[in-house]
2 protein chains.
Amino acid sequence: MSPARRLAGVKSSPVRDLLALTQRPEVISFAGGLPAPEMFDVEGWSDAFAKASDDRRNLQYGTTEGDPVLRALIAERMTRRGLPTSAQDLLVTTGSQQALTLVTTALVEPGDVVAVEEPTYLAALQCFQLAGARLVPVASDEHGMVPASLAEVLEKDRPTLVYAVPTYANPTGRTQPAARRQEIASLVAAHDVWLVEDDPYGELRYRGEPVPPLATYSDRVLYLGSLSKIGAPGLRLGWLRAPASVMPAAVIAKQAADLHTSTIDQAAAAVYLSNTDLDAHVTGLRAAYRERRDTMIEALPATVPPGTTWSDPDGGMFVWLRLPGEVDTAEVLRDALKHNVAFVPGAPFFAVRPDHATFRLSFTTNPPEDIREGMRRLREAFRDR
Amino acid sequence: MSPARRLAGVKSSPVRDLLALTQRPEVISFAGGLPAPEMFDVEGWSDAFAKASDDRRNLQYGTTEGDPVLRALIAERMTRRGLPTSAQDLLVTTGSQQALTLVTTALVEPGDVVAVEEPTYLAALQCFQLAGARLVPVASDEHGMVPASLAEVLEKDRPTLVYAVPTYANPTGRTQPAARRQEIASLVAAHDVWLVEDDPYGELRYRGEPVPPLATYSDRVLYLGSLSKIGAPGLRLGWLRAPASVMPAAVIAKQAADLHTSTIDQAAAAVYLSNTDLDAHVTGLRAAYRERRDTMIEALPATVPPGTTWSDPDGGMFVWLRLPGEVDTAEVLRDALKHNVAFVPGAPFFAVRPDHATFRLSFTTNPPEDIREGMRRLREAFRDR
């Protein structure tokens, strides 16, 4: 298949297309997975950029692997979170989205099979489709990817790569318990395939105990981390943690992709991580997002039609819902926009078998009063149908 | 061919590997294509980042196409340089290296032919090789790509893409005259292929009149621009100028690559372009680099062995040389490093038929006194052989 034809098949992300639609100021949007802007530590970042931009070395080209100080600081943070990591295990990327693309460039050939949770992060689906991969869905339940389904896919379809968001998944909000992670890690190791653990939300926990990253259970796991949800997404700072056997290929792919990530953004992040108590900031984020999550979940029974089901996430940014009966939530969205409220229809998150009755609500972007008002509008949109 | 095998064939950039080797403070390096750090407008960028980082919107996600203000400012600048451009024609990229990768993702399929000048920018070769393209060389003379050779390749090898650096080329320093550009543009249009015009150096002119970009002669030209050489490379800011038929595919590739380029770097660049007289800054760069160019060219006859030939660039960053006889400049480099001076051997810049007697000297990184001292060391290295 030619790239032009392949690209015609890869639709532009509906989430991002919607961002345009929903940017009218009168719309309360539960669509995009945006952090709360009022929670950004503008003062901290401003100080960090003042220091970073005052050093002319930060305007020059840098090394492909990334700022050594930043890599050391990220390694330290990951080690503290329970995943022993050294700076050499890390490649700084232009957001964790790039880490995903680099891994795909390094490991996936057109025609290769990539196994994905169904539903999953849609920009990951786009990335794999763009590489010409064949997507094979793995069933997921309320605890995420189902090991028995993965075992069957590994046996039958021989994937090159398995992709999962094990913690507070996008779009479902689901989390794999520790025992399931161990099971999945064993399966992956036994079949000698790579598993990509995409973990942008892991630190946004609102209840329960943290679950160890999947990467703690196997060295066949390529871990993707990000500062977007705990720091600021505008800097586009993420990282790949990979074993020494994969790293050289990822570094070559990174060179071809953009030589290296912004020197000045990396330097500012290194200053920020050194001078700021990021743990305290994350504690603040957790408190604010927990209230937003609770506000949305509490409003749901009075908002959605009887028979609707939804996830009850322990963390992250998303509630995943399913309407009863034969409904297309893309049509519901059209009605919702008339009431100046927005969400994302669920179908694009499915690799193979879209469930058109599903949709995703993001609860982090809006303060509680706007969530209440947005849910009121959503109730009206449902009533009008 | 599997990606792992393909990556094994794509060597890590010798230029970047050398950067590590030559970072010993006692080495005078003519190797990397680095702008002069002392010429960076630290105050201007520092002010720009102070303003940009004070606005919390610049810490949030942005649109894939790029900051609208920055796109408008770049379009205006390109229009002033003789290439009529609107903001809609532009996609902001994470350095122009990324623009090259996006174009490749959008247009090149494994097995496709990409025609390249021989020799050419080696990270472009890596990018095409990584995409599984078959590289076909087009002969070049002192005026760059030879139209007759291009015509033959277009006829015989049916490339998907033609890649050229028409102005102050890397590594040769050569520039295509206007008449040749017109001829090349006609050939490309007649054969309905795309030509990538990579133009990071176009504004760094030290003598003669500016030559219009190749893109002024045909809408089959995809133009890559960059702030790295006239502003600061650390920000990783470049752009793709493409017709409406290619842009949607490039935007989808960009989404998958990194969602968008750093919001804060784009905002800072928009502030910088609004508040600073970049033309005046570029005039200063030209004066400084002209002196460095002249210093190196003047020192060459006493430095290199008799019979050595070299290019005499009108602009850019590089002098391209060829030693007489059967010499491998990689071995000369080993000797040069003993004398604490470095350059880049020429072989990796060739897609197909490496000429091991060639090498590249960069004259922008070091001040004139260091250039003189570096050339003295290089002379000693040649004498010792």
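Fair warning: this is a prediction, and the values are worked out from it, not measured in the lab.

A. Here's a closer look at the relation of the copies chain B and chain A. Overlay of chain B on chain A (RMSD 0.0 Å): rotation 180°, translation along the axis 0.0 Å. The two molecules are tied by a two-fold rotation axis, judged by turn and shift. Comparing interface residues between copies, 100% of those in chain B also lie at the interface in chain A; the contact surface is shared.

B. Spotlight on the domain arrangement of chain A. Residue and element names in this part refer to chain A. In terms of domain boundaries, chain A breaks down into domain 1 (3-40 + 280-384) and domain 2 (55-276). The straight-line distance from the C-alpha centre of domain 1 to that of domain 2 is 24 Å. Contacts between the two partners involve 32 residues from domain 1, matched on the other side by 32 residues from domain 2. Secondary-structure elements contributing two or more residues to the side of domain 1 that touches domain 2 are α1 (3-9), α11 (278-303) and β11 (318-322). A per-class count over the side of domain 1 that touches domain 2 returns 17 nonpolar, eight polar and seven charged.

C. Region of the structure containing helix α3 (residues 42-53) of chain A. Taking 1.5 Å per residue, 12 residues should reach 16 Å; α3(A) reaches 16 Å between its end C-alpha atoms and fits that length. Each element contacted by the buried residues of α3(A) is listed here: α10 (263-275) of chain A together with α3 (42-53) of chain B.

D. Molecular detail of the environment of B:P367. Residue and element names in this part refer to chain B. Tracing the chain through its elements places P367 in the loop between β15 (358-362) and α13 (368-384). Take P367: there are 14 C-beta atoms within 10 Å of it, and that puts it in the partly exposed class. Remark: the alpha-carbon pair of P367 and T295, spanning 72 residues in sequence, is separated by 9.5 Å.

E. The arrangement of the nonpolar core in detail. Within the largest apolar cluster, 236 residues are counted, with the highest numbers of intra-cluster contacts made by A:A250 and B:A250. Sequence-distant contacts of B:A250, that is, excluding residues within four places in its chain, are made with B:L91, B:L102, B:V103, B:A106, B:L240 and B:A242.

F. Spatial organisation of the interface of chain B and chain A. Between chain B and chain A, the residue contacts involve 59 residues of the former and 59 residues of the latter. Taken together, the elements giving at least two residues each to the side of chain B that touches chain A come down to α1 (3-9), α3, α5 (95-107), α6 (122-130), α9 (247-258) and α10 (263-275) of chain B. No other element matches the eight residues that α9(B) contributes to the side of chain B that touches chain A. Per-class residue counts for the side of chain B that touches chain A are 31 nonpolar, 21 polar and seven charged.

G. Representation of the packing of helix α5 (residues 95-107) of chain A against helix α9 (residues 247-258) of chain A. All names here are of chain A. Where α5 contacts α9, the two axes come as close as 9 Å, and the packing angle between them is 115°. Of the two elements, α5 crosses α9, and the hand of that crossing is right-handed. In contact with Q98, L102, V103, T105 and A106 of α5, α9 contributes A249, A250, A253, K254 and A257.

H. Just the sheet that holds strand β8 (residues 194-198) of chain B, in detail. Residues and elements named next belong to chain B. What the seven strands build is an open sheet, ordered β2-β10-β9-β8-β7-β3-β4; its pairing is mixed. Across the chains shown, the open sheet's two edge strands, defined by having one partner strand only, are β2 (90-94) and β4 (134-138). Direction aside, the axes of adjacent strands within the sheet are offset by 25° on average. Where strand β7 (residues 161-164) lies against β8, four bridges are found, and the strand directions are parallel. Pairing of L161 across the sheet is with W194, part of β8. Running at roughly 110° to β2, helix α4 (residues 68-80) makes contact with β2, β9 (221-226) and β10 (237-241) of the sheet.

I. Seen up close, the pairing of strand β7 (residues 194-198) of chain A. Residues and elements named next belong to chain A. Taken across its five residues, β7 has five buried, putting it largely inside the fold. Side chains of β7 alternate between two faces, with W194, V196 and D198 and L195 and E197 buried alike. One crossover worth recording links strand β6 (residues 161-164) to the parallel β7 by way of helix α8 (residues 178-190), and it is right-handed.

J. Highlighting the sheet that holds strand β9 (residues 237-241) of chain A. Residue and element names in this part refer to chain A. Ordered in space as β2-β9-β8-β7-β6-β3-β4-β5, the eight strands form an open sheet in which the pairing is mixed. Each edge of the open sheet carries a strand with a single partner, namely β2 (90-94) and β5 (144-145). In terms of strand pairing, β2 meets β9 through five bridges, oriented antiparallel. Its bridge partner lying in β9, V92 is registered against W239. Sitting on the sheet, α9 is in contact with β2 and β9, with an inclination near 25° to β2.

K. Seen up close, the packing of helix α12 (residues 329-338) of chain B against α13(B). Residues and elements named next belong to chain B. Contact geometry for α12 and α13: axes closest at 9 Å, N-to-C directions at 120°. Classified by the angle their axes make, α12 and α13 are oblique. Considering only the axes of α12 and α13, their crossing is right-handed. Mapping the contact onto sequence places V332, D335 and A336 in α12 and L378, A381 and D384 in α13.

L. Molecular detail of the confidence of the model for chain A. Confidence in the prediction for chain A averages 94 pLDDT; 94% of positions are at 70 or higher. Interface predicted TM-score (ipTM) for the complex: 0.95; the corresponding pTM is 0.95.

Definitions and cut-offs
- Residues numbered from 1 in each chain as written.
- Chains lettered and ligands numbered in written order.
- Predicted model: local features only at pLDDT ≥ 70, side-chain atom pairs only at ≥ 80, totals over all residues.
- Least-squares fit on C-alpha atoms with pLDDT ≥ 70 in both.
- Contact = placed C-beta atoms within 7 Å.
- Domains from an automatic or database assignment.
- Helix = DSSP H or I, 4+ residues; strand = E, 2+ residues; numbered from the N terminus.
- Nonpolar A, V, L, I, M, F, W, Y, C, P; charged D, E, K, R; others polar.
- Expected span 1.5 Å × (residues − 1).
- Buried ≥ 20, exposed ≤ 12 C-beta atoms within 10 Å, placed from the backbone.
- Core = buried A, V, L, I, M, F, W, Y, C linked by C-beta atoms within 7 Å.
- Axes fitted to C-alpha atoms, helices over the stretch in contact; angles between N-to-C directions.
- Left-handed = near helix turned anticlockwise from the far one by under 90°.
- Pairing = 2+ DSSP bridges.
- Right-handed = clockwise from strand over helix to strand, strands pointing away.
- Parallel < 35°, antiparallel > 145°, perpendicular 65-115°, else oblique.
- pLDDT = per-residue confidence, 0-100.

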